[in-house]
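These are the residues of each chain, in order.
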Amino acid sequence: MSTDKGDICNLTEFSMCAHNGTHVDAPYHFYGSGRTIDKMPLESFAGSCYVARHEGDVTAEDAGRILNSAEKAGAKERIIIAGKATVTAEAARIFADAAIKLIGNESQTVGPEDAPKEVHLILLGAEVVLLEGLVLDGVAEGKYFLSAAPINLGGSDGAPCRAYLIDEG
């Protein structure tokens, strides 16, 4: 609808994949019996987080270092990896075993772009929310408050969100 065309109001319609742009993945994305986005606890998407800068593959050793830094900062439940980074299966197991609530990155997938399934299965199987497609230019390592609540798409495997960080340093 458009007021310029004589309609009573302006009304925008759009159609998109739930995984376009900045978005979150729920366990249902890879597990038919997994929780959908509307069944995930909201505290997974908001609270203190730690931003780590990394380039390349995130190894198990890197994951341990990142978790250690996050714990020292008082923000070990939500981890965001800035840079052109790919979480390996070994690192995913470290993050899953640490019982974090969320892991995010700048890519459209947390795992390898050509083979994301294994990393997704590890993390989503542990009910770790995946926050993908972030833009972190100029964001320094450290502790932040994260808000990344998704659009409440009932029954969906994921949803777009407007993620933002507030510096807690």
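In short, a report on the structure.

What counts, and at which threshold
Residues numbered from 1 in each chain as written. Predicted model: local features only at pLDDT ≥ 70, side-chain atom pairs only at ≥ 80, totals over all residues. Heavy atoms only, no water. Helix = DSSP H or I, 4+ residues; strand = E, 2+ residues; numbered from the N terminus. Buried < 20%, exposed > 50% of the residue type's maximum accessible area, 1.4 Å probe, protein only. Contact = heavy atoms within 4.5 Å. Salt bridge = Lys/Arg side-chain N within 4 Å of Asp/Glu carboxyl O. Core = buried A, V, L, I, M, F, W, Y, C linked by side-chain atoms within 4.5 Å. Pairing = 2+ DSSP bridges. Axes fitted to C-alpha atoms, helices over the stretch in contact; angles between N-to-C directions.

A look at the environment of Ala60
Phase 1: Checked against the element boundaries, Ala60 lands in helix α1 (residues 60-73).
Phase 2: Overall, Ala60 belongs to the partly exposed group, its relative accessible area being 31%.
Phase 3: Measuring from C-alpha to C-alpha, the distance between Ala60 and Gly74 comes to 21 Å, with 14 residues separating the pair along the chain.
Phase 4: Those residues within four positions of Ala60 in sequence are excluded, and the remaining contacts are Glu90, Ala91 and Ile94.

Let's talk about the pattern of salt bridges
Phase 1: Overall, the coordinates contain five salt bridges when judged by the stated rule.
Phase 2: For Arg35, the salt bridge identified is with Glu127, shortest N-O distance 2.5 Å. Of this pair, Arg35 sits in the loop between β1 (23-25) and β2 (46-53) while Glu127 sits in the loop between α3 (117-125) and β7 (129-132), and the two are 92 residues apart along the sequence.
Phase 3: By relative accessible area, which is 30% here, Glu127 ends up partly exposed.
Phase 4: Among the ionic pairs, Glu71 bridges to Lys76, the shortest N-O distance being 4.0 Å.
Phase 5: According to the relative accessible area criterion, Lys76 is partly exposed, its value standing at 44%.

Some points on the nonpolar core
Side chains that are nonpolar tend, in soluble globular proteins, to be buried together.
Phase 1: Among the nonpolar cores identified, the biggest contains 26 residues, and Ile79, Ile81, Val87, Phe95, Ile103 and Leu123 are the most heavily contacted of them.
Phase 2: Put simply, the parts of the chain that give this core at least two residues each are β2, α1, β4 (78-82), β5 (85-87), α2 (89-97) and α3.
Phase 3: In this structure, Leu123 is in contact with Ala92, Phe95, Ala96, Ile103, Val110, Val128 and Leu130, ignoring residues within four places of it in sequence.
Phase 4: One finds Ile37, Val51, Leu131 and Tyr144 within the second-largest nonpolar core, a separate group that totals 20 residues.

Description of the sheet that holds strand β10 (residues 164-167)
Phase 1: The eight strands lie next to each other as β9-β1-β7-β6-β4-β2-β8-β10, forming an open sheet whose pairing is mixed. Strand pairing shows two members of the sheet lacking a second neighbour, β9 (158-160) and β10, which therefore form its edges. Taking each pair of neighbouring strands and ignoring which way they run, the sheet shows an average axis angle of 25 degrees.
Phase 2: Both strand β8 (residues 142-147) and β10 contribute to a ladder of four bridges, which runs antiparallel. Looking across to β10, one finds that Ser147 is bridged to Tyr164.
Phase 3: In this fold α3 packs onto β1, β6 (102-105) and β7, with an angle of close to 130 degrees to the strand it touches most, β7.

Purely geometric numbers; function is a separate question.
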